[in-house]
Amino acid sequence: MSEELKPETPEVVDGEAEATEEEPIKQRKNGLYPGLSDELAENMKSGWADTELHGLEPIAQAEHTAARRAALSARFPGERLVVPAGNLKTRSNDTEYAFRASTEYAYLTGDQTQDGVLVLEPTESGHDATVYLLPRSNRENGEFWLDGQGELWVGRRHSLTEAEQLLGLPAKDVRELPKALREATGRVRNVRGHDAGIEAALADKTTAETDEELRVYLSEARVVKDEFEIGELQKAVDSTVRGFEDVVKVLDKAEATSERYLEGTFFLRARVEGNDIGYGSICAAGPHATTLHWVRNDGAVRSGDLLLLDAGVETHTLYTADVTRTLPINGTFSPLQKKIYDAVYEAQEAGIAAVKPGASYRDFHEAAQRVLAEKLVEWGLVEGPAERVLELGLQRRWTLHGTGHMLGLDVHDCAAARREAYADGVLEPGVCLTVEPGLYFQADDLTVPEEYRGIGVRIEDDILVTEDGNRNLSAALPRRSDEVEAWMAATRAAE
């Protein structure tokens, strides 16, 4: 990373950059260019071609984001609504994490740029929506080449006019927003946790309780996916399937290195076909498969062990898949591995069958847990009957987690929704969720036979509720143990 000229990013106060023509942009403390001549400053102002883009088409989801904003407007009439995208977060010193817009902002605008803020101003007939963004870098004061976020350092931003064409919204300079919010009157709600400057500007105008009501509404609004969202989720799943194929092809290379070879392999597919991974990939070989969120991915990959791969591609529009397969590293399950795997598969089949419109949300969880409880009793690992095991929750020593969650812009989507709208709710067409039962026998669990210890199995698919039942979006990836073995053999042979 070049650093000889790059200055420190201007300090931000209440969301407003201090760098202006009157106050020079700060230089890096230890930069190799201590000053800027008047001649160079003047030279850099001119000689640049006009790069404004014209005739841009609206983004694919613009029609849907407009409908979502209309529903939001109807829910909170007469109130000013503020939804920030968020700001860059420092990773170390002057390097930042890759920016990811807040889910609420992306859902309502389709925009993904840092520092953006959507504001819905109340009117007599509803709301006027405006998106506040950083405009193109200023060429008069040198911002475009001296500022740490200038376009010669991090790339060109859309102009406000371009943003209006793309998003189907009026766009204004976000640096003017904090002052306007401080002067605003009337009731205001803000999605907290994303932009400290916006929160400071609204400090005396909002309450935690009313702001939380806005966040909860936006979480519940995402429970039922629209046509665009379903299409994006299918894209995410399709890329994920290809990523799993990539991993199977390099298992031999992972054996020579570590789980990180598998992590990097899947990440390549995610970055080539999407925006990123939707969450930290779990590439858990051997006993690491019994750790639910094993993301260190620094362990050995050994023939004879199982690999639990839990990973998902995030699309360019930020929708993510979430798929898990447990694979025999050498291509063939041992008899005990197959017994445990087949039990989890049977539980998943029962769970998927319970996903249908009108069913209680938790039906799929209870169906899968019943199968696993029965297997544990059958194997003599816990005293039955299964009803007793389920009533006391004894199966949880080995099943550990819930059997699924909603999926969308977040891997654990709709998490702020009320229980009655989620865990205690009823399924309807358009809901997308995961079904992912598992059995995990810890390496130090003395209550199970030694041969069980260190084996972890999870199978996870992304299921869409339809008018007449459900559709497995990830059905292209084999699940049954014999089909998994055949698929692995064919995939390796096709290299």
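Residues numbered from 1 in each chain as written. Predicted model: local features only at pLDDT ≥ 70, side-chain atom pairs only at ≥ 80, totals over all residues. Heavy atoms only, no water.

Run through the pattern of salt bridges, naming residues and quoting values.
Considering all chains together, one arrives at 39 salt bridges under this definition. Notably, a salt bridge pairs Glu162 with Arg156, separated by 2.7 Å at the nearest N-O pair. Residue class for Glu162 comes out buried when judged on its relative accessible area of 0%. Classification of Arg156 as partly exposed rests on a relative accessible area of 35%. Between Lys205 and Asp204 there is a salt bridge, with the nearest N and O atoms lying 4.0 Å from each other. (Salt bridge = Lys/Arg side-chain N within 4 Å of Asp/Glu carboxyl O. Buried < 20%, exposed > 50% of the residue type's maximum accessible area, 1.4 Å probe, protein only.)

Give me the lowdown on empty space enclosed by the protein, citing residues and values where you can.
Under the criterion given, the structure shown has two cavities of 30 Å³ or more. Lining the largest cavity we find Gln61, Arg68, Ala106, Tyr107, Gly110, Asp111, Gln112, Phe228, Thr317, Tyr319 and Leu409. Its residues assigned to classes, the lining of the largest cavity shows five nonpolar, four polar and two charged. (1 Å grid on protein atoms, 1.4 Å probe; cavity = no way out; pocket = protein on both sides within 12 Å on 5 of 7 lines; lining within 4 Å. Points joined across faces, edges and corners; volume = space filled by probe spheres on them. Nonpolar A, V, L, I, M, F, W, Y, C, P; charged D, E, K, R; others polar.)

Provide a residue-level description of unusual backbone geometry, including the pertinent values.
Each neighbour pair has its own omega, and for Gly384 with Pro385 the value is 0 degrees, a cis peptide bond. Even without being a glycine, Cys414 presents a positive backbone phi close to 60 degrees. Examined against the element boundaries, Cys414 turns out to sit in the loop between helix 16 (396–399) and strand 15 (432–435). (Helix = DSSP H or I, 4+ residues; strand = E, 2+ residues; numbered from the N terminus.)

Give a description of the packing of aromatic side chains that names residues and reports values.
Tallying each qualifying case throughout the model produces nine aromatic pairs. Seen in terms of ring centroids, Tyr361 and Phe364 are 5.3 Å apart; in terms of plane orientation they differ by 85 degrees. Their pairing is edge-to-face. Both residues of the pair, Tyr361 and Phe364, belong to the buried class. With 5.2 Å between their ring centres and 90 degrees between their planes, Tyr361 and Tyr422 make a pair best called edge-to-face. In this pair, Tyr361 sits in the loop between helix 13 (335–353) and helix 14 (363–378) while Tyr422 sits in the loop between helix 16 and strand 15, placing the two residues 61 residues apart along the sequence. Take Tyr361 and Tyr422: they sit in the same class, and that class is buried. Members of the aromatic cluster, each reached through a chain of ring pairs, are Tyr361, Phe364 and Tyr422. Residue placement shows Arg75 over the ring face of Phe76; its charged tip is 4.3 Å from the ring centre. Taking NZ or CZ as reference, Arg139 lies 5.0 Å from the ring centre of Trp48, over its face. (Phe/Tyr/Trp six-rings, centres within 6.5 Å; stacked < 30°, edge-to-face > 60°. Lys NZ or Arg CZ within 6 Å of the ring centre and 35° of its normal.)

By themselves, these are just geometric observations and shouldn't be taken as functional.
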